[in-house]
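Tertiary structure, described
Here is how the chains run, residue by residue.
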Amino acid sequence: MNKSENIDKLAAALSKTQGGIEGAKKEQTNPFFNSQYSDLKSCWLAVRDHLVSNGLSITQLPGKIESTEAGRTISLETVLMHSSGQWISTEASLPVTKPDAHGCSSALTYLRRISLSAILSLTSEPDDDGNASIDTKSKDANTSVDPKVLKKHLKDISSSDTMPSLKEANIIAFKFARDDQDALSAILAAKNIRKESLKNAQS
């Protein structure tokens with residue numbers, strides 16, 4: 001996470017905002033996973049008026065598609081700003097195994113929604129609608145990854161004590177997750193958190 005030198009006014013405004021926000025409505029159904037979720041529009045409708053009334057605004061900036069050992073990923077930076085000029089920002093990334101317009105758009109929409117929910121602590125339901133960013137033809141809805149094995153991989157990532165060991169743990173975890181969108185998202189989140197922690201320890 002990055003931030004301005006001071007965030008006291010932003011923090012006070014965010015506290016008021018969160019006090020008035022209710023959970024986003026689940027108005028969409030994902031037929032591939034047979035699940036309901038709150039789409040990006042529902043999330044914005046739940047927070048927009050509360051943000052404006054407390055002098056807050058959000059902008060979301062897409063990054064480039066990057067090729068890594070684990071495959072192609074696309075990133076999104078979400079910036080929460082206060083009318084005083086104070087701000088905080090966070091960046092998230094997601095695998096894109098279908099590097100076409102539809103796949104990139106789907107991944108960015110997914111990133112926009114989960115990043116918006118995360119930075120405001122907006123209640124969101126479990127969802128899998130970002131699946132259009134992967135090749136659904138190769139995915140069987142009944143073949144999700146073993147949660148116990150995933151937990152072990154996440155622990156390996158979080159306990160990595162060097163950048164090389166983190167890189168190795170991340171590659172192994174990615175190979176395990178294959179095309180499981182939720183697992184890939186969890187692995188990337190764990191990697192980004194640990195990477196930031198290691199950078200801070202070295203500075």
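In this text, all values refer to a predicted model and were calculated from it rather than measured experimentally.

Some points on the environment of T162
- Mapped onto the elements, T162 comes out in the loop between α4 (147-158) and α5 (163-177).
- Taking C-alpha positions, T162 is 9.9 Å from Q202, a pair spaced 40 residues apart along the chain.

What to know about the pairing of strand β5 (residues 71-82)
- As paired strands, strand β4 (residues 56-68) and β5 are joined by 11 bridges and run antiparallel to one another. Looking across to β5, one finds that P62 is bridged to L76.
- By the bridge criterion, nine bridges tie β5 to strand β6 (residues 87-95) in an arrangement that is antiparallel. Residue pairing for β6: S75 is matched across the bridge by S93.
- Remark: four residues form the turn of the hairpin made by β5 and β6, two consecutive strands paired antiparallel; G85 in that turn has positive phi of roughly 100°.

Quick look at the environment of P62
- Within the secondary structure, P62 sits in strand β4.
- Considering only alpha carbons, one finds P62 and S93, 31 residues apart in sequence, at a separation of 9.6 Å.
- Residues contacting P62, with those up to four places away along its chain left out, are S75, L76 and L108.

The rules behind these values
Residues numbered from 1 in each chain as written. Predicted model: local features only at pLDDT ≥ 70, side-chain atom pairs only at ≥ 80, totals over all residues. Heavy atoms only, no water. Helix = DSSP H or I, 4+ residues; strand = E, 2+ residues; numbered from the N terminus. Pairing = 2+ DSSP bridges. Contact = heavy atoms within 4.5 Å.

Read these as layout, nothing more, since geometry by itself doesn't imply function.
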